[in-house]
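Structural characterization, general
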Amino acid sequence: MKDTALTAAHIALGAKMVPFAGYNMPVSYKGVTVEHETVRNGVGVFDVSHMGEFLITGPNALELIQKVTSNDAAKLVDGKAQYSCMPNADGGIVDDLIVYRIEAEKYLLVVNASNIQKDWEWIERHNTMGATMRDLSEAYSLLAIQGPKAVMAMQSLTSVALADIPFYSFEVADFAGIEHVIISATGYTGSGGFEIYCKNEEVAQVWERVLAAGADYGIQPIGLAARDTLRLEMGYCLYGNDIDDTTSPIEAGLGWITKFSKDFVNAEALALQKKEGPTRKLVAFELNERGIPRQGYDILDAGEQPIGVVTSGTMSPSLGKGIGLGYVPTALASAGTAIKIRVRKKAIPASVVKLPFYK
């Protein structure tokens, strides 16, 4: 297992450590519910340095990105970021990612930790146009400072007006005494905040100053367990659960990042699927009785016949009820549809709902 540059700091703080995507990562410190509520109501900081970073540069950088990603990166200007995915040749998804335009011929792709090698090889295979590729994953760290108090808590650490950075925009600026840090108004929690990219040798200083600056605002370190409950309350897809090599972006409700104004891998087949309509869709559901849906549990129709499986599920700390995602036949995908979830041996009534769960 790999360590991040902050592994020793997490252990010193009493974190429960678990293997995740090949890394030794903090899953929780004080417990998932308290950490979840800290982010929803205040501010917390996650070490997500396991994520992968690829730098794509040169005159053909945009051409390569346009070929392998579904969203239209030509719409980006300097300082803007974009959520996207990389379709495979069979109708599924290689990975979901964020594309940052630093300059006209300089882009940063941020990919999932478990897919770094797979993604690199996939992009490299399609780099027939000769863009310059650099894998920065082993050299850079990433902190996510999330929550409604993030702007106030972190403003003392930078000369940039944090409140003026629009959502999915970023600045390359000073932060926590380090120059040339990417301060990105992105995140995976739905509660606002920033993601900070810096070099491994700089992150310990950034981590310490973030905790010190946020102390008056109740900042706490947050583990991966709360990151999962926070993202699920927003209905954000997790690669390996809700999307993978067998799920199409159209089925997964990611049509909004699938732009057919350009050519990309498998665009023709996905355009046909969008036109004809997919046979199944990823839906959100809430349990109508007490119970906790878990990944792999059966989704049943009203007559208790299996129609799908839960891809992500939890007890929502914010809502106090069981929530989840899963694929069902399109005919049963409308909000309000009555379904059931088999929790152990009991079929618990549930309803298909619109996202996000947490508003």
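Sequence order sets the numbering: in each chain, residues are counted from 1 along the sequence as written. Local features in this predicted model are restricted to residues of pLDDT 70 or higher, and side-chain atom pairs are both shown and tallied only at a pLDDT of 80 or more, whereas totals for entire chains, interfaces and linings draw on every residue. Calculation of side-chain values draws on the structure's entire complement of heavy atoms; hydrogens and water are dropped beforehand.

**Some remarks on the pattern of salt bridges**
The working definition used for a salt bridge is a side-chain nitrogen of Lys or Arg within 4 Å of a carboxyl oxygen of Asp or Glu. Applying the stated criterion across every chain yields a total of 11 salt bridges. Across the pair Arg40 and Glu233 runs a salt bridge whose closest N-O atoms are separated by 3.0 Å. Here Glu233 lies in helix α7 (residues 224-234) and Arg40 lies in helix α2 (residues 32-41), a separation of 193 residues in the sequence. When its relative accessible area of 6% is taken as the criterion, Arg40 is described as buried. For every residue, the accessible area (1.4 Å probe, protein chains only) is compared with the maximum for its type, and the residue is labelled buried under 20%, exposed over 50%, or partly exposed between those bounds. On the basis of relative accessible area, Glu233 is assigned to the buried category, the value being 0%. As a salt-bridge pair, Glu251 and Arg280 come within 3.3 Å of each other at their nearest N and O atoms. Placement of Glu251 in the loop between α7 and α8 (267-276) and of Arg280 in strand β14 (residues 280-287) is noted, with a sequence separation of 29 residues between them. Relative accessible area serves as the criterion here: at 27%, Arg280 is assigned to the partly exposed category. Secondary structure is summarised from DSSP: a helix means a run of H or I of at least four residues, a strand means a run of E of at least two, and numbering begins at the N terminus for each.

**Comments concerning the environment of Cys198**
Along the chain, the position of Cys198 falls in strand β12 (residues 193-199). Classification of Cys198 by relative accessible area gives buried; the value is 1%. What Cys198 contacts, discounting residues up to four positions off in sequence, is Tyr140, Ser141, Val181, Val203 and Val206. We call two residues in contact whenever any of their non-hydrogen atoms come within 4.5 Å of each other.

**Section: the packing of aromatic side chains**
Aromatic rings from Phe, Tyr and Trp, with only the six-membered ring used for Trp, were paired whenever their centres fell within 6.5 Å, and each pair was classed as stacked if the ring planes differed by under 30 degrees, edge-to-face if by over 60, and tilted otherwise. Across all of its chains, the model carries seven aromatic pairs by this definition. An aromatic cluster is built from Tyr100, Phe170 and Tyr197, whose rings are joined through pairwise contacts. Note on criteria: charge over ring means Lys NZ or Arg CZ within 6 Å of the ring centre, with the direction from the centre no more than 35 degrees off the ring normal. A cation over an aromatic ring shows up here: Arg280 above the ring of Tyr327, its NZ or CZ 4.4 Å from the ring centre.

**Some words on the side chain of Thr337**
Residue placement: Thr337 occurs in the loop between β17 (322-329) and β18 (338-343). Using a relative accessible area of 16% as the deciding quantity, one classes Thr337 as buried. Two N or O atoms form a polar contact when they lie within 3.5 Å of each other; inside protein one atom must be a possible hydrogen donor and the other a possible acceptor, and for residues adjacent in sequence the pair counts only when both atoms belong to side chains. Among the polar contacts made by the side chain of Thr337, one reaches the main-chain carbonyl oxygen of Ser334 at a distance of 2.7 Å. For Thr337, the residues in contact, after removing those within four places along its chain, are Leu332, Ala350, Ser351 and Val352.

**Observations regarding the sheet that holds strand β6 (residues 93-103)**
The sheet built from five strands is open, its strands ordered β5-β6-β7-β4-β8 with antiparallel pairing. The strands lining the two open edges of the sheet, one partner per strand, are β5 (80-87) and β8 (132-135). Direction aside, neighbouring strands of the sheet carry axes that sit 25° apart on average. Looking at chain direction, strand β4 (residues 52-57) and strand β7 (residues 106-111) are connected through six bridges and run antiparallel. Counted as the bridge partner of Gly52 is Val111 from β7. A fitted line through C-alpha atoms represents every axis, and for helices the fit uses only the stretch in contact; the resulting angles, taken between N-to-C directions, go from 0 to 180 degrees. Of the strands in this sheet, β4, β5, β6, β7 and β8 touch helix α4 (residues 116-125), which is tilted by about 175° from β8. By this definition, two strands are paired if DSSP reports at least two bridges between them.

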